[in-house]
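# Structural overview
Residue strings, one per chain:
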Amino acid sequence: MNLSKFKINYILAASLISTPVFFSGAAYAEDQIDQEESIELDDSQTPSQEETDPSQLLKEELNPIIEKIGPQVFHGTALAAAYGKLPDSKPYMYIIQHGTPSALSIVNLTTGKTEKTYTLENSTSAWGIDVDADQNVWVGGTSGGHIYKYDPSSKKLTDYGNKLKHSRDTSIQDLHASGGRIYGSTAYNGTVFSYIPESGERKDYGQIIRGKEFAKSVYFDEEQDSIFMGIGSKAELIRYNIRTKIRDRFLPWEYRLEKYVSDIQVADEYLFAKLDPSPKVLVFNKNTLELLDEFDSTSKTVSVKSPAEKAVYYTNNEELYAYYYKTRETVKMDVPLKGMNVINLDFVEIGTEDYPGFTLTGLLSNNGDYFTYNLETRKFELHQAKLAPLPVTLYTMAETPERDKIIINGYMSGGLGLFDIASGETKEVKGISQVESMAYLNNKLYFGAYPKARILEYDLTKPFEGNNINEIARYKDIGQERPTAMLGIDETNQLFIGTYPETSTGGGLLSVYNPETKETVNYENYIENQSIISLVQAQDYVYGGTSVYANHERAKNNAVFFRFPSDSPSEKEEINIPIKAAMINALTYYGENYIFGMADGKLFKYDIDSGQTKQVMIVPAISGRFKNANLQFGKDQQLYGTVEGVLFKADPKTLEVTLIKKEGAHDLAIGQNGHIYFRNEADMWKYEPK
């Protein structure tokens, strides 16, 4: 087999990432959804010059026994919403649902009923949604960047196909329908384009600022014939005049350390720009680009201009406000939002006795909660849209200590599936967000949860239910976002945690948690400007591996393989291995003084006593920043692994590798029967070793 022609299918579940992100949705709910960070292609990773042709060491298993088990986690999860009306003026809310594939749900705001749900084939998520002047609904999806139109008159959904043209672009972050064109912004190439559905004409405006990966928000202004764009990371605001091709950067310097400008709205001559992560909205004169004001807001966006007054509406700390932009006055509305913030909001005409004239309505949560607030009668009500549970892309996997069950997490919307190997049945556990890592320690199971780098604890002696999972630590306040590595050592009752930072300077931290005292000791920027993504115990040491990525930047040095005495993390030492890599992960200990790991696409074997390293390439290129491989020893004492969708096994003594599946195999868990479980999109699969 010639690995130079080995095709790898990169799949953005996502990645997300994850992004991040960080999605145009309930980015302020505890169960925040990730859009940005799951998979980002890294074109710079190529085989090292020291590597010989690895095809001589690889063979393929003939007719492997592989069985699809199916979806494990289901959610009725709202990502974003827009509002419109039918020709008879009936008002509707259009909700994008997360799923594999995702969906568009049509909610009648007069009756509160979900009338129909349309599948958005070719998309696992979508954040960009807008309603044009003809009341058509436009959606921009991921992965693949498909644009969809829903016509409420004919009740027909049309897929216009993938509109992404740049190799690094994987998602449409935002879109705006105006004048017969659809304006879209993208990640991870940070581009903006326009598309005319009637003619099929697509115009590409390219990467807006060199090196900026995210064009997070887009708004076309017909008066100026200009596109306003919110960029990241780091944040920037751009006005691009289509006719003159002049680009104006107008975000003041004091805000340019923000991550994104995540949303743009315009009312009269006022432009509102939502910052992320700071809970602030900046107010500009859209003509002069002068900064006029700012106010605090924890909602995703502000409304369009109120049809009854010179005001926009928003939420801050779960309270509804009106901002009167002519006088720069803020007024709090007396309404009980019950701890929720707005994702999207607009004005509709419901036309009932309680709701005459114009009514403000807004999506409040990923669960489909929304409100109606009449501007005349001040009547306020909370509602919940009925959302069909959809299968979601699977993410982190593990097996229970007895290996009788497989635990698998849902990507973005979270949740757990607990698959019973003997019965073949799955129990779902709600109330847990996306999980980056898991570890066992003295009858406790710990989850490293995203966002806000939370550590969750579950007592294995209690029923496996969401209300038995408790938060014990959080690292968001010190700039961390993802607990990407965890290790429990029963003998010393220590939980080691490694993180990926988002907004701090420097690298990830190493944290040591003591379950008895419930205290943590933190070692910040443990490996300078890098993230800690793998940990394993070997003898009296903890060994670790890093990713060169931290804070959306890449460290100048290669990934680091390191160790420290388990009782003294401050005494770390870097281990020199002859492999240049962006990531060292999936570390596992072999009982004859060896450590196995993945360094990008290479499987390596490190001899603790001699310091010698052997290696073999499994795949020639990688993607991602911290999560692309897994290694475990099977019941047959063979080493099983996945990397970039490839399932393989290796003889730990000879390092002879056998390819079992060439694509569509991610993560790994091993049952008590010796069967190998892995995931692909929304499905879990099983491989039976021969």
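Rules of the game
Residues numbered from 1 in each chain as written. Predicted model: local features only at pLDDT ≥ 70, side-chain atom pairs only at ≥ 80, totals over all residues. Heavy atoms only, no water. Helix = DSSP H or I, 4+ residues; strand = E, 2+ residues; numbered from the N terminus. Rg over C-alpha atoms; globule rule 2.2 N^0.38 Å. Buried < 20%, exposed > 50% of the residue type's maximum accessible area, 1.4 Å probe, protein only. Areas by Shrake-Rupley, 256 points an atom, 1.4 Å probe, with all protein chains shown as cover. Lys, Arg positive; Asp, Glu negative; His and termini not counted. Charge placed at Lys NZ, Arg CZ, Asp CG, Glu CD. Salt bridge = Lys/Arg side-chain N within 4 Å of Asp/Glu carboxyl O. Phe/Tyr/Trp six-rings, centres within 6.5 Å; stacked < 30°, edge-to-face > 60°. Lys NZ or Arg CZ within 6 Å of the ring centre and 35° of its normal. 1 Å grid on protein atoms, 1.4 Å probe; cavity = no way out; pocket = protein on both sides within 12 Å on 5 of 7 lines; lining within 4 Å. Points joined across faces, edges and corners; volume = space filled by probe spheres on them. Nonpolar A, V, L, I, M, F, W, Y, C, P; charged D, E, K, R; others polar. pLDDT = per-residue confidence, 0-100. Contact = heavy atoms within 4.5 Å. Core = buried A, V, L, I, M, F, W, Y, C linked by side-chain atoms within 4.5 Å. Pairing = 2+ DSSP bridges. Axes fitted to C-alpha atoms, helices over the stretch in contact; angles between N-to-C directions. Polar contact = N/O pair within 3.5 Å; in protein donor to acceptor, adjacent residues only side chain to side chain.

## Considerations on the overall build of the chain
Check the secondary structure of the chain and you find zero helices and 60 strands. The C-alpha radius of gyration computed for the chain amounts to 25 Å, which stays within 12% of the reference 26 Å derived for 690 residues, consistent with globular compactness. Taken along its principal axes, the extent of the C-alpha atoms in the chain is 75 × 55 × 50 Å. Counting over 690 residues, the chain shows a buried share of 63%. Accessible surface, the chain: about 26,100 Å² in total, of which carbon and sulfur atoms supply 43%. Side-chain charges of the chain comprise 71 positive and 95 negative groups, with the mean position of each set lying 4 Å from the other.

## Examining the pattern of salt bridges
Applying the stated criterion across every chain yields a total of 32 salt bridges. Residues aspartate 296 and lysine 280 are paired through a salt bridge, measuring 3.3 Å at the closest nitrogen-oxygen approach. Of the two residues, aspartate 296 is situated in strand β23 (residues 291-296) and lysine 280 in strand β22 (residues 280-285); the sequence distance between them amounts to 16 residues. A relative accessible area of 39% places aspartate 296 in the partly exposed class. Here lysine 280 falls in the partly exposed class, since its relative accessible area comes to 25%. As a salt-bridge pair, lysine 653 and glutamate 592 come within 3.3 Å of each other at their nearest N and O atoms. With lysine 653 in the loop between β56 (646-650) and β57 (657-661) and glutamate 592 in the loop between β50 (584-590) and β51 (594-599), the pair connects residues that are 61 residues apart, well separated along the chain.

## Observations regarding the packing of aromatic side chains
On inspection of all chains with the given rule, the structure shows 40 aromatic pairs. Their ring planes at 40° and their centres at 4.7 Å tell us that tyrosine 270 and tyrosine 325 sit as a pair that is tilted. Here tyrosine 325 lies in the loop between β25 (319-324) and β26 (329-332) and tyrosine 270 lies in strand β21 (residues 270-276), a separation of 55 residues in the sequence. Here tyrosine 270 and tyrosine 325 have matching classes, each one buried. The positively charged end of lysine 216 is found above the aromatic ring belonging to tyrosine 260, 4.6 Å away from the centroid. Directly above the aromatic system of tyrosine 526 lies the positively charged group of lysine 572, at a separation of 4.7 Å from the ring centroid.

## Here we look at the layout of surface pockets
Counted as a void, the second largest pocket has a volume near 1,200 Å³. Forming the boundary of the second largest pocket are 40 residues, of which Met438, Met486, Leu535, Leu587 and Gln632 lie nearest the centre. Ranked by residue count, the leading element in the lining of the second largest pocket is strand β40 (residues 480-489), at six residues. Of the residues in the lining of the second largest pocket, the class split is 21 nonpolar, twelve polar and seven charged.

## Quick notes on the confidence of the model for the chain
Chain-level pLDDT for the chain is 90 on average; 92% of the residues reach the 70-or-more range. Across residues 1-56 the pLDDT falls below 50, and counting only partners more than four positions away or on other chains, this stretch makes 210 contacts in the model.

## Digging into the nonpolar core
Note that soluble globular proteins tend to have their nonpolar side chains buried in a common cluster. Grouped together as the largest cluster of nonpolar side chains are 47 residues, with contacts concentrated most on Tyr94, Leu104, Ile129, Val139, Tyr543 and Phe561. Ranked by residues supplied to this core, first place goes to strand β8 (residues 125-131) with four residues. Contact partners of isoleucine 129, with chain neighbours within four places excluded, come to Ala80, Ala81, Ala82, Tyr94, Ile96, Leu104, Val137, Trp138, Val139 and Leu175. Listed in part, the 20 residues of the second largest apolar core include Tyr590, Leu639, Val643 and Val657.

## Examining unusual backbone geometry
The omega torsion of the bond from threonine 100 to proline 101 falls at 5°, within 30 degrees of zero and hence cis. Mapped onto the elements, proline 101 comes out in the loop between β5 (91-98) and β6 (102-108). Of note, the bond from aspartate 276 into proline 277 is cis; its omega dihedral lies within 30 degrees of zero at 15°. Inspection of the secondary structure assignment puts proline 277 in the loop between β21 and β22. With phi around 55°, aspartate 268 is a residue other than glycine that occupies positive phi space. Looking at where aspartate 268 falls in the secondary structure, it is placed in the loop between β20 (260-267) and β21. With a phi close to 60°, aspartate 667 is a non-glycine residue in the positive phi region. As for its placement among the helices and strands, aspartate 667 is situated in strand β58 (residues 666-670).

## Considering the sheet that holds β58
Hydrogen bonds between backbone atoms are what pair the strands of a sheet, whose relative direction is either parallel or antiparallel. Spatial ordering of the open sheet is given by β2-β60-β59-β58, a layout of four strands whose pairing is antiparallel. Across the chains shown, the open sheet's two edge strands, defined by having one partner strand only, are β2 (65-71) and β58. Taken over all neighbouring pairs, the strand axes of this sheet differ in orientation by 25° on average, direction set aside. Where β2 and strand β60 (residues 683-688) come together, six bridges link them in antiparallel fashion. In the sheet register, proline 71 faces β60, and the bridge partner there is aspartate 683.

## Describing the sheet that holds strand β42 (residues 510-514)
Taken together, the four strands give an open sheet; going across it, the order is β40-β41-β42-β43, and neighbouring strands pair in antiparallel fashion. Each end of this open sheet is capped by a strand with a single partner; those strands are β40 and β43 (519-523). The mean angle between the axes of side-by-side strands here comes to 25°, regardless of whether they run parallel or antiparallel. In this structure, β42 lies alongside β43, joined through five bridges in antiparallel fashion. Across the sheet, the residue bridging to asparagine 514 is glutamate 519, located in β43.

## Details of the environment of glycine 507
Within the element layout of this structure, glycine 507 appears in the loop between β41 (494-501) and β42. Residue glycine 507 is classed as buried on the basis of its relative accessible area of 2%. In this structure, the C-alpha to C-alpha distance between glycine 507 and leucine 441, residues 66 residues apart in sequence, is 26 Å. Beyond its immediate stretch of four places on either side in the chain, glycine 507 contacts Gln480, Pro501, Asn525, Ile527, Asn529, Gln530 and Ala550.

## A word on the environment of lysine 518
Within the secondary structure layout, lysine 518 lies in the loop between β42 and β43. Residue lysine 518 is classed as exposed on the basis of its relative accessible area, which comes to 58%. Remark: the alpha-carbon pair of lysine 518 and isoleucine 472, spanning 46 residues in sequence, is separated by 7.6 Å.

## Concerning the side chain of glutamate 399
Examined against the element boundaries, glutamate 399 turns out to sit in strand β32 (residues 394-399). Engagement of the side chain of glutamate 399 in a polar contact is seen with the side chain of glutamine 632, the distance being 3.2 Å. From its side chain, glutamate 399 meets the backbone nitrogen of isoleucine 670 in a polar contact 2.7 Å long. In this structure glutamate 399 touches Lys405, Ile406, Tyr440, Gln632, Ala669 and Ile670, once residues within four positions along its chain are discounted.

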